[in-house]
Amino acid sequence: MLGGHSTGPERFGTPIFGVSEVSGLICDLLDDARLRQIWVRGEVTNYKNHGSGHRYFSLSEQNGRDSAVINCVMWRTSASTLAFAPKDGMDVLAWGSVEVYEPHGRYQLIVREMLPAGLGERHLMVERWKQELDAEGLFDPGRKRPLPLFPRRIGVVTSSTGAAVKDILSVISRRYPAEVVLSPTAVQGEGAHVEIAEAIRRIDGLVDVIIVGRGGGSFEDLFPFNHPDVVRAVAACRTPVISAVGHEVDTALCDFAADLRAPTPSAAAERAVPERREVLRELAGCEERMHLLVHSRLAASQSEVEDLRERMRPGRLARRINERMQRLAEHDDLLRRAAVTRMQRERSALTEVRANLEGKNPLAILERGYCIVEAGGRVARSAASLAPGERVTIRMVDGRAKAVVEETTYDEDL
């Protein structure tokens, strides 16, 4: 304190940050999705290929009098995939994310992929086309159809003077006797995609399978096969399509829309037709299996006929008929005796039941001279239930008699 005034920054009421805290704040501010996985275009400056394999450089942009520079680093693993040698002054497209190196408080672009600007723009165009065509469902695996097993006519969409058509003709003539129909087209250069799409439509429906492709080349050479016109023409084909663009490492968008992708035109020809020797070998195997099956069926049928013939001989047949007749007579006798025994048993049981019922019949007592007195529709069970002058019915064994009670007396010993 001098003269009663504070000389430190606390007199302004502001906090004091450490350098690492400031770097952390900058890192948080730059942790923005808009700075992640982005393409940046600029001119390469201060390019250094470090002995470790990492690449250090800057990207600059001149805008009138003003200029802007961003530091970049490309780690060894990403740099190993570069398809060209970057140099100072080269216009490039760099893909990566902006990150902060906190110990130095410095932000930089971590580059994972880099392309020359013109070529890079075409790469971006292809990526955009890929997303759009995929959204249309043209790359859906469920759309793919199987190739015919034994095609008669093979359509080929390629240059009539290129090596691709010669390779295809050579392979097909060697493997399988199928007719090849060429639908010629330019396969590179300005407007080639229009010709390719038209050549596909021209041959569609006239052949059993179509091969679309060309030999190897640069990305620029293969570019027409990425064009949406070609992809849509392939997807709209009624005929199954094999895409064979470039070499095995090359990929074009029409590969995704085709029913099958082949790494080369020669491989496409091999996929389009079967191997004649394999077909003949399989046919020979089928013929042998058929012969064995026919002989087996004939032998089984002959054995069955012999068995029937043996069983149908007159003497044996008569003997078997007699045996069956004898057995039938024995069964008939057994059934008759069983029926008589069963009837006797049932009749005896019925007699016992009848005797039992008759013994319990209350009217049977009337045959021994007894009678039943009924008064008022009820059986009179005692003299006390009757009154002098009451009319009663006397039931006897052979009929009924009406009477009037004159007097009732009681037995003293009951």
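One structure accompanies this document, and this report is about it. Model, not experiment: these values are computed from the prediction.

## A short note on the sheet that holds strand S12 (residues 378-379)
At step 1: One open sheet accounts for 4 strands, arranged S12-S11-S13-S14; its pairing is antiparallel. A strand with exactly one partner marks an edge of an open sheet, and here the two such strands are S12 and strand S14 (399-404).
At step 2: Pairing of strand S11 (residues 372-375) with S12 involves 2 bridges; the strand directions are antiparallel. Directly across from Glu374, in S12, lies its bridge partner Val379.

## Considerations on the pattern of salt bridges
At step 1: Here the structure, examined in full by the defined rule, presents 14 salt bridges.
At step 2: For Asp259, the salt bridge identified is with Arg145, shortest N-O distance 2.9 Å. Linking Asp259 in the loop between helix H8 (253-257) and strand S10 (260-261) with Arg145 in the loop between helix H3 (117-135) and strand S6 (153-157), this pair joins segments that are 114 residues apart in sequence.
At step 3: With its nearest N and O atoms 3.3 Å apart, the salt bridge here joins Glu275 to Arg277.
At step 4: Under the relative-accessibility criterion, Arg277 is labelled exposed at 60%.
At step 5: Each member of the salt-bridge network shares a partner with another, and the members are Arg175, Glu275 and Arg277.

## Re the sheet that holds strand S5 (residues 106-116)
At step 1: Pairing within the closed barrel is mixed, and its 5 strands lie in the order S1-S2-S3-S5-S4. Each strand axis lies, on average, 55° off the axis of its neighbour in the sheet, ignoring direction.
At step 2: One ladder, built from 2 bridges, connects strand S3 (residues 66-74) with S5; its direction is parallel. Among the inter-strand pairings, Cys72 is bridged to a residue of S5, identified as Leu109.

Conventions we followed
Residues numbered from 1 in each chain as written. Predicted model: local features only at pLDDT ≥ 70, side-chain atom pairs only at ≥ 80, totals over all residues. Heavy atoms only, no water. Pairing = 2+ DSSP bridges. Helix = DSSP H or I, 4+ residues; strand = E, 2+ residues; numbered from the N terminus. Salt bridge = Lys/Arg side-chain N within 4 Å of Asp/Glu carboxyl O. Buried < 20%, exposed > 50% of the residue type's maximum accessible area, 1.4 Å probe, protein only. Axes fitted to C-alpha atoms, helices over the stretch in contact; angles between N-to-C directions.

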